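# Commentary on secondary and tertiary structure
Letter by letter, the chains look like this.
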Amino acid sequence: MKSRYLFPKDYMADPSANVFNGRLYIYPSHDWDSGECFDDDGGHFQMQDYHVLSLGDDPMTAPVTDHGVILDVKDVPWAEKQMWDNDVVEKNGKYYLIFSAKDYNGVFHLGVAVSETPEGPFVPKADPIRGSYSIDPCVFKDEDGSVYCYFGGIWGGQLQWYKDNKALKCEHLPEGNEAPLPSRVAKMTDDVLQFSEASRPVLIVDENGKPLTADNPHRFFEASWMHKYNGKYYFSYSTGDTHYLCYAVGDNPYGPFTYKGVILEPVVGWTTHHSIAEFKGKWYLFHHDCVPSNDTTWLRSLKVIPLSYDEEGNIIKMESE
């Protein structure tokens, strides 16, 4: 299947695709070359603001509109730098941007900004979400109107700093047959400004119901995404340093989720970060790679490719071009 670079005019990554009012909106992070040195904690990813892109027809051919900056780090009272991944959800006619950024102590948290329209601008709250940590939020609105926030990322995403929602004195990265660090999920309050509960681990199991181990190349690393298809919950994610984009399927938003397979190969660049959305009766995978920047991992470009399911509801693996 052919893919398309959505916005070659600028470097953007981590696309969160959502359909609002019959139009497709894409909320990416905004890459630029800050001059910071490459390191395993992502210090070279110094994103400062968010744009929103939108289109009204076939994502493979329709013109893409850049609505400009919708939130800048200088406007967020608690955040110092590194505006990483974000997502947007609509509730009761308002739009809530959930984003990740570092505070002035160098710690990642999730924040909320609110707008009357999906194009923004978004007005940030003065403080981060209580009980939030790490990166890569995905906000999923279920059919009953409940909103769930999935989040978490290892290494630079700092998930290894925590266990059971408590900060550790010494970080721990599981190895071998240990349980891997999971994504987290928490239901949001009705006003979508806070978690309504302590976050829970997102458990990924094999076909026999046995949890994946830390040495399994398909275990979670970052980039949670949730979508629903034929009544099933599809949790997809990046495996980070093992360079896969995978998915697992469950019967409710909390899981457990049974591992099903790889969505896209190869991953071009160190990793990819994606979203999955249905628009005008067709499904699409949104992701990024760093081919246009000659493999500069902190200068990434948005892509889209059609997504299909087989008769049993399995996602048919796509090939990156």
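As the structure is a computational prediction, the values presented were derived from the model and not from experiment. (Residues numbered from 1 in each chain as written. Predicted model: local features only at pLDDT ≥ 70, side-chain atom pairs only at ≥ 80, totals over all residues. Heavy atoms only, no water.)

### A short note on the sheet that holds strand β11 (residues 138-141)
Each strand in a sheet pairs with its neighbour through backbone hydrogen bonds, running either in the same direction (parallel) or in the opposite one (antiparallel). The strand order across the open sheet formed by 4 strands is β11-β12-β15-β16, and the pairing between neighbours is antiparallel. Only two strands of the sheet have a single neighbouring strand rather than two, namely β11 and β16 (200-201). Across 2 bridges, strand β15 (residues 184-187) lies against β16 in antiparallel orientation. In the sheet register, R184 faces β16, and the bridge partner there is P201. (Pairing = 2+ DSSP bridges. Helix = DSSP H or I, 4+ residues; strand = E, 2+ residues; numbered from the N terminus.)

### Considerations on the nonpolar core
Residues Y150, F235, L285 and I315 are the most contacted members of the largest nonpolar core, which totals 57 residues. Apart from the residues lying within four places of it in its own chain, the contact partners of F235 are Y150, S183, V202, I204, F220, S224, W225, M226, C246, Y247, A248 and F257. If you look at the next biggest cluster of nonpolar residues, it comprises 19 residues, including F20, I70, Y95 and A101. (Core = buried A, V, L, I, M, F, W, Y, C linked by side-chain atoms within 4.5 Å. Buried < 20%, exposed > 50% of the residue type's maximum accessible area, 1.4 Å probe, protein only. Contact = heavy atoms within 4.5 Å.)

### Remarks on the pairing of strand β23 (residues 282-289)
A regular strand places its side chains on the two faces of the sheet in alternate fashion. Within β23, 7 of the 8 residues are buried, which leaves it mostly tucked inside the rest of the structure. Pairing analysis gives 5 bridges linking strand β22 (residues 275-279) to β23, with the strands arranged antiparallel. Paired with E278 across the two strands is W283, which belongs to β23. Counted along the chain from β22 to the antiparallel partner β23, the turn is 2 residues long, and its residue K280 has a positive phi close to 55°. Pairing between β23 and strand β24 (residues 301-307): 7 bridges, direction antiparallel. Note on β24: the bridge partner recorded for F286 is V304.

### Section: the pairing of strand β21 (residues 257-265)
As defined by bridge partners, strand β17 (residues 204-205) adjoins β21 across 2 bridges and the pair is classed as parallel. Bridge assignment links V205 to a residue of β21, and that residue is T258. Across 5 bridges, the pairing between strand β20 (residues 245-250) and β21 is antiparallel. From the neighbouring strand, Y247 faces β21, where its bridge partner is G261. In this structure, the hairpin formed by β20 and β21 is closed by a connection of 6 residues, where G255 is found at a positive phi of approximately 85°. Bridge count for β21 against strand β25 (residues 318-319) is 2 bridges, and the pairing is parallel. If you follow E265 over to β25, its bridge partner there is E319.

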